[in-house]
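The primary structure of each chain is shown beneath.
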Amino acid sequence: MDEQNLKPLIGLTLPELREVAAEAGLKPFAAKQMAAWLYERRATSIDEMTDLSKAGRERLKEKYTVGLTTPKAEARSNDGTVKYLFDGAGGRDVEAVFIPDKDRATLCVSSQAGCRMGCTFCMTGRQGFHGQLTTAQIINQVLAIPESERLTNLVFMGMGEPTDNLQAVMKAIEILTEPWGLAWSPKRITVSSIGNLSGLKTLLDSTKVHIAISVHSPFPSEREGIMPVERAFPVRKVMELLHRYDFAHQRRLSVEYIMWRGFNDDRAHADALARLLRGTDSRVNLIRFHAIPGVTREPATRETMEEFRDRLNALGVTATIRASRGEDIEAACGMLAGKDRANQPGTN
């Protein structure tokens, strides 16, 4: 059978694997065996699952494949960052970024091909929305890179808005954290969001992962000009929701704040941001803007960013300046943008 017509096993939860086992005439305990092969032993084929009966494996192969697909291309930065290209959705590819940093090894994964949010400063947002990634496509980014077993952390900060593909993202988190899956602590995972209120609440109520919120301006009208979602999800409403949760113990709340020269980098913005975040136990990541086509704003100077950081710290808000990584391969914050397959480097 053409492998393209087979269903992937990666991306399936334990209850779903029980259904697959029953369909193939296998005992219910075979689901845990399959999960171990997929997520612990990193099997690349059903034939490797030798504790399943040969007849059972043959029946599985009639409809299923492991589903791992290696990256189509890669780009390596001078700082050790690696950007990987994968099949996406709607004819568009997606990117995942591996970021080594001393004893940490972080993977930034995508959840959509493109994005519906329309943030004016983001390459992904400017290319429009092309489709949802499946849970298998999300988990494949984790399992298929050469550095997979070195990973210490994972961030949903790649292409797409995670809460706009919530079902697939929640299943991916389940696979990453359950004992039958990769058995990671949820403290190793951060989900970044523009503040989709219903999706964010579901994520907060159902998981213990860290949360990062894109703010970029504390003033609603100004934020709406760069983030149209401010109309649907006002940043003040987002902060009201976050006030209900404990970010002092079980998980962390981060605020992402890209800085532009003469736009959102003065004392008035720092003071307003501190007021907005009061009582949320959040920490602010100040991010240098990376130039992208069609955006004329310039990054804030290092000196201004340091003054902004110091002002926030003086007002009781923990703030740090995020180190820029992978800019030379367009893998830095806001720069990911899958292109037409025919235009991708390293593809036919």
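Predicted, not measured: the structure shown is a model, and the values here were computed from it. (Residues numbered from 1 in each chain as written. Predicted model: local features only at pLDDT ≥ 70, side-chain atom pairs only at ≥ 80, totals over all residues. Heavy atoms only, no water.)

Asker: What should I look at first to understand the packing of helix 1 (residues 14-23) against helix 2 (residues 30-40) in this one?
Answerer: The relative placement of two packed helices is expressed as an angle between their axes plus a distance between the axes. Here helix 1 crosses helix 2 at 120 degrees, and the two axes come no closer than 8 Å. Our pair here, helix 1 against helix 2, has a crossing hand that is right-handed. Between helix 1 and helix 2, the contacting residues are Leu 14, Leu 17, Arg 18, Val 20 and Ala 21 on the first element and Ala 30, Ala 31, Lys 32, Met 34, Ala 35 and Leu 38 on the second. Of the residues contributing to the contact of helix 1 with helix 2, the split by class is nine nonpolar, no polar and two charged. (Axes fitted to C-alpha atoms, helices over the stretch in contact; angles between N-to-C directions. Helix = DSSP H or I, 4+ residues; strand = E, 2+ residues; numbered from the N terminus. Left-handed = near helix turned anticlockwise from the far one by under 90°. Contact = heavy atoms within 4.5 Å. Nonpolar A, V, L, I, M, F, W, Y, C, P; charged D, E, K, R; others polar.)

Asker: Help me out: how do you make sense of the pattern of salt bridges in this one?
Answerer: Any two side chains of opposite charge can pair, given that their charged atoms come close. Counting across every chain of the model gives 18 salt bridges. Between Lys 72 and Asp 87 there is a salt bridge, and its shortest N-O distance comes to 3.2 Å. In this pair, Lys 72 is assigned in the loop between strand 2 (64-65) and strand 3 (73-76) and Asp 87 in strand 4 (residues 82-89), connecting sequence segments 15 residues apart. The class for Lys 72 is partly exposed, based on a relative accessible area of 24%. Glu 95 is paired through a salt bridge with Lys 83; the nearest N and O atoms lie 4.0 Å apart. Placement of Glu 95 in strand 5 (residues 92-101) and of Lys 83 in strand 4 is noted, with a sequence separation of 12 residues between them. (Salt bridge = Lys/Arg side-chain N within 4 Å of Asp/Glu carboxyl O. Buried < 20%, exposed > 50% of the residue type's maximum accessible area, 1.4 Å probe, protein only.)

Asker: So what exactly am I meant to see when it comes to the environment of Gly 91 here?
Answerer: Structurally, Gly 91 can be placed in the loop between strand 4 and strand 5. Assessed through its relative accessible area of 43%, Gly 91 is described here as partly exposed. Note: C-alpha distance between Gly 91 and Arg 283 (192 residues apart in sequence) is 38 Å.

Asker: Help me out: how do you make sense of the side chain of Arg 42 in this one?
Answerer: Within the element layout of this structure, Arg 42 appears in the loop between helix 2 and helix 3 (54-63). Although Arg 42 lies buried, it forms no salt bridge, and the closest oppositely charged side chain, Glu 149, sits 5.0 Å away as judged by the N-O distance. From its side chain, Arg 42 meets the backbone oxygen of Tyr 39 in a polar contact 3.2 Å long. A polar contact of 2.5 Å, which involves the side chain of Arg 42, links it to the side chain of Ser 148. Those residues in contact with Arg 42 that sit more than four places away from it in its chain are Trp 37, Leu 143, Ser 148, Glu 149 and Leu 182. (Lys, Arg positive; Asp, Glu negative; His and termini not counted. Polar contact = N/O pair within 3.5 Å; in protein donor to acceptor, adjacent residues only side chain to side chain.)

Asker: Which parts of the structure should I look at to understand helix 3?
Answerer: Each turn of an α-helix holds 3.6 residues, which means side chains three or four residues apart point in the same direction. For helix 3, the complete set of buried residues consists of Gly 56, Arg 57 and Leu 60. Projected onto a plane normal to the axis of helix 3, the buried residues spread over an arc of 100 degrees and lie on a single side. Buried residues in helix 3 make contact with helix 1, helix 2 and strand 2. (Arc of directions from axis to C-beta.)

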